[in-house]
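# Observations on the model geometry
So the chains spell out like this:
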Amino acid sequence: MRPSLRRQLAFFRIYTIVSSLALIGLSTAAFTQSTQTFGHISAERLDIVDANGTLRMVISNKDRQHPGVIEGRTIDRPRPYAGMLFFNEAGDEVGGLTFTGREVDGQPRANAGMMFDQFRQDQTIGISYQESNGRRSAGLQVWDRADTGLGTLVDALNAANKLTDRAERDKALAAARAAAPAGPRRLFVGKNSDKAAIVSLADAEGRPRLNITVDATGNPRIEFLDAAGKVVNTLRVP
């Protein structure tokens, strides 16, 4: 082989190696940059993770929504709600935003919620809206939650969902929910389905004991209730 041809082949080898290394370097840099700018992104689901891979946020449509995690247990359930969910450093769900809205038999049916979960528990404070059959409610709610986590409940629900016999599955699901720690609602501030503005305070069992109400016709009143839900005293504007 002539010396000039050898030099040309050597040059092409070096050029090919250098070009390949440059392409690899550029590709790596493109994927490791901390900031990327996009004009438009269309996705069915987007997961945000920490540097160690821990899931911290999910933005999803209703078909691919995350089912939720409590005490490291993934809940075996469908969750047909579009929205955004948040997760803590342990990987457990801690609340989020969900939205639905459609017509059923010509009637609108919708709900929306922004919930904040207690650690290893269900929501402890939330803002929600519900509409069904022409009736609507919206407001701020506060719940009491147990000191224990919900991991045991998730285990029981997941085991029940694996049963193939529907009657046995429904029975097991009901038993699991009945054994779960109570989560009574202690406060509601908003508008109820009777179109009344109301502040309702409940006891530790979730029983309303004091209601401050302005009804749909504009009449204000304060009601005191006993443990059975009976109004024992009412204050009205003279």
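Pairing is antiparallel across the open sheet formed by 12 strands, whose spatial order is S1-S2-S5-S6-S7-S8-S9-S10-S11-S12-S13-S14. The sheet terminates laterally at strand S1 (45-49) and strand S14 (231-236), the two strands that pair on one side only. Along the sheet, successive strands turn relative to each other by an average axial angle of 10°, direction set aside. Pairing analysis gives 8 bridges linking strand S7 (residues 107-117) to strand S8 (residues 123-132), with the strands arranged antiparallel. Following the sheet pairing, Met114 is matched in S8 by Ile127.

Looking at where Gly218 falls in the secondary structure, it is placed in the loop between strand S12 (208-214) and strand S13 (220-225). Along the sequence, Gly218 and Ala197 sit 21 residues apart, while their C-alpha atoms lie 9.3 Å from each other.

For the rest of this paragraph, the subject is the packing of helix H2 (residues 151-161) against helix H3 (residues 166-179). When two helices pack together, their arrangement is given by the angle between the helix axes and by the axis-to-axis distance. Here H2 crosses H3 at 175°, and the two axes come no closer than 8 Å. With respect to each other, H2 and H3 are oriented roughly antiparallel. For the pair H2 and H3, contact is made by Leu153, Ala156, Leu157, Ala160 and Asn161 and by Arg169, Ala172, Leu173, Ala176 and Arg177, respectively. Of the residues in the contact of H2 with H3, the class split is 7 nonpolar, 1 polar and 2 charged.

On the surface, Met114, Phe116, Ile125, Ile127, Leu140 and Val189 cluster together into a nonpolar patch covering about 450 Å² of accessible area. Counting only elements with at least two residues in the nonpolar patch, the list comes to S7 and S8. With respect to the helices and strands, Ile127 occurs in strand S8.

Bringing unusual backbone geometry into the picture now. You will see that Glu71, though not glycine, has its phi angle at about 50°, which is positive. When you line up the elements, Glu71 lands in the loop between strand S3 (69-70) and strand S4 (73-74). Glu71 gets classed as partly exposed once you look at its relative accessible area, which sits at 27%. Positive phi, normally seen in glycine, also occurs at Lys195, with a value near 65°. Within the secondary structure layout, Lys195 lies in the loop between strand S10 (185-191) and strand S11 (197-202).

Counted as a void, the largest pocket has a volume near 1100 Å³. Arg77, Arg79, Met115, Asp122 and Gln123 are, among the 44 residues lining the largest pocket, the residues nearest its centre. Secondary structure elements with two or more residues in the lining of the largest pocket: S3, strand S6 (93-104), S7, S8, strand S9 (135-143), H2, H3 and S10. In terms of residue count, S7 provides more of the lining of the largest pocket than any other element does, 6 residues in total. Among the residues making up the lining of the largest pocket, the classes are represented as 20 nonpolar, 15 polar and 9 charged.

One pass over the structure, following the stated rule, counts 13 salt bridges. Note that Asp47 and Arg45 form a salt bridge whose closest N and O atoms lie 2.8 Å from each other. Looking at Arg45, the relative accessible area reads 27%, which means it is partly exposed. Across the salt bridge formed by Asp63 and Lys62, the nearest N and O atoms sit 3.1 Å from each other. What makes Asp63 exposed here is its relative accessible area of 61%. If you follow the salt bridges from partner to partner, you end up with Asp203, Arg207 and Arg209 in one network.

What counts and how
- Residues numbered from 1 in each chain as written.
- Predicted model: local features only at pLDDT ≥ 70, side-chain atom pairs only at ≥ 80, totals over all residues.
- Heavy atoms only, no water.
- Pairing = 2+ DSSP bridges.
- Helix = DSSP H or I, 4+ residues; strand = E, 2+ residues; numbered from the N terminus.
- Axes fitted to C-alpha atoms, helices over the stretch in contact; angles between N-to-C directions.
- Parallel < 35°, antiparallel > 145°, perpendicular 65-115°, else oblique.
- Contact = heavy atoms within 4.5 Å.
- Nonpolar A, V, L, I, M, F, W, Y, C, P; charged D, E, K, R; others polar.
- Patch = residues over 30% accessible without salt bridge, like charges linked within 9 Å, V, L, I, M, F, W, Y side chains within 5 Å.
- Areas by Shrake-Rupley, 256 points an atom, 1.4 Å probe, with all protein chains shown as cover.
- Salt bridge = Lys/Arg side-chain N within 4 Å of Asp/Glu carboxyl O.
- Buried < 20%, exposed > 50% of the residue type's maximum accessible area, 1.4 Å probe, protein only.
- 1 Å grid on protein atoms, 1.4 Å probe; cavity = no way out; pocket = protein on both sides within 12 Å on 5 of 7 lines; lining within 4 Å.
- Points joined across faces, edges and corners; volume = space filled by probe spheres on them.

Any link to function would need more than the numbers given here.
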